[in-house]
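Each chain is listed here by its residues.
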Amino acid sequence: MKPLTLQIVKYGLFVLFITTCTTANKDLDPKCKSLNVSLTQKIDNEGFHRQLNWLLERGPKSVHCKLAIRLDISKEMYMNPDEIADLNRLNISEILIDRDVDIEAPAHLAEEHTAYIYIPPFLDKVSFNIPFHLRYQKAQISGGFGKVPVNKPTILAICPQSCSNTEIRAPCDTRNYRVMCAWDNVSYQALFDEMELMVPVGNLDDYPLVSIITLLLGCAGCIYTLSVLSTTPL
Ligand SMILES: *[C@@H]1O[C@H](CO)[C@@H](O)[C@H](O)[C@H]1NC(C)=O
């Protein structure tokens, strides 16, 4: 009797173990996890012209995957399409910007855009330097600094076997932004903190002073001109 009970208990535990494993595996997406991707992000330069430095590293299992980085660019910053086109032409990068970018617009009149950075085949690590710019912000009472949020990049992958259920439709490559592929949104290890940049903002407090001085100078000019005219003998 006893060995049989033991057998049943053992069998029960075994079944329980198997079920737990399979359900857990479904949630964890083992194939996606094994991509083992990490990203380091740094931002160089000061002022309005900055540079994104990325170091992308990956485990050996993702060698057959095509990778891309998607960056949603907030209104307070922009990538310059001409500059990006130059980098693409020189084979320094392969970047697609999803819409026209007005490089003159101040932040409050600008639109967001998205950049797709396509990663060329690489072994285990690759680094990129991508220039971007901050937009002028609307002058505020008391001036100071405006904040520019830098969005966390999304890493996209197309692997021989799809590895996640969060599919993102995005352009396949830089050739045609209308041709979409189904990419996996890869969870990755972010080796950086989310950051916020600061940009100097015009001071509205100065506005009355500037207006009064401009007005006074205008008046003075008028009076001078009139006085010269009236003293000139006709
Ligand atoms: C990809 O997944 C991450 C984490 O789940 C999420 O924060 C991000 O918004 C997703 N990216 C896109 C473009 O949907």
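Anyway, here's the lowdown on the structure attached to this text. Remember, predicted model here, so these are calculated numbers, not experimental data. (Residues numbered from 1 in each chain as written. Predicted model: local features only at pLDDT ≥ 70, side-chain atom pairs only at ≥ 80, totals over all residues. Heavy atoms only, no water.)

**So, the packing of aromatic side chains**
At step 1: Summed over all chains, the structure comprises two aromatic pairs.
At step 2: Where F48 meets Y136, the ring centres are 4.6 Å apart and the plane angle is 40°; that geometry is what we call tilted. Here Y136 lies in the loop between β7 (125-134) and β8 (145-149) and F48 lies in the loop between β1 (38-44) and β2 (49-57), a separation of 88 residues in the sequence.
At step 3: Taking 6.1 Å as the distance between ring centres and 45° as the angle between the ring planes, the aromatic pair formed by Y118 and W183 counts as tilted. Within this pair, whereas Y118 is found in strand β6 (residues 113-118), its partner W183 is found in strand β11 (residues 180-186), the two being separated by 65 residues in sequence. Residue Y118 shares its accessibility class with W183, and that shared class is buried. (Phe/Tyr/Trp six-rings, centres within 6.5 Å; stacked < 30°, edge-to-face > 60°. Helix = DSSP H or I, 4+ residues; strand = E, 2+ residues; numbered from the N terminus. Buried < 20%, exposed > 50% of the residue type's maximum accessible area, 1.4 Å probe, protein only.)

**Here we look at the site of the ligand**
At step 1: In the region of the ligand, the neighbouring residues are R70, T154, I168 and N185.
At step 2: Here T154 contributes a side-chain N or O atom positioned 3.1 Å from a nitrogen atom of the ligand.
At step 3: N185 has a polar side-chain atom sitting 2.3 Å from an oxygen atom of the ligand. (Near = heavy atom within 4 Å. Polar contact = N/O pair within 3.5 Å; in protein donor to acceptor, adjacent residues only side chain to side chain.)

**So, a nonpolar patch on the surface**
At step 1: Residues L209, I213 and L217 make up a contiguous nonpolar surface patch of roughly 320 Å² in combined accessible area.
At step 2: Relative to the elements of secondary structure, I213 occurs in helix α4 (residues 206-231).
At step 3: The exposure class assigned to I213 is partly exposed, which follows from its relative accessible area of 44%. (Patch = residues over 30% accessible without salt bridge, like charges linked within 9 Å, V, L, I, M, F, W, Y side chains within 5 Å. Areas by Shrake-Rupley, 256 points an atom, 1.4 Å probe, with all protein chains shown as cover. Salt bridge = Lys/Arg side-chain N within 4 Å of Asp/Glu carboxyl O.)

**A look at the sheet that holds β1**
At step 1: With mixed pairing, the five strands of this open sheet are ordered in space as β4-β7-β2-β1-β12. Lying at the two open borders of the sheet, with one neighbouring strand each, are β4 (77-78) and β12 (189-190).
At step 2: Summarising the sheet, β1 and β2 pair through seven bridges and their orientation is antiparallel. Of the residues in β2, the one forming a bridge with D44 is Q51. (Pairing = 2+ DSSP bridges.)

**Details of the state of the cysteines**
At step 1: Counted under the stated rule, the structure contains two disulfides.
At step 2: Linked covalently through their sulfurs, C65 and C159 form a disulfide whose S-S length is 2.1 Å. Sign of the S-S torsion, about 110° for the bond between C65 and C159, identifies this disulfide as right-handed. You can see C65 sitting in the loop between β2 and β3 (66-73) and its partner C159 sitting in the loop between β9 (154-158) and β10 (167-171), a full 94 residues away along the chain. (Disulfide = S-S within 2.5 Å.)

Read these as geometric descriptors, not functional statements.
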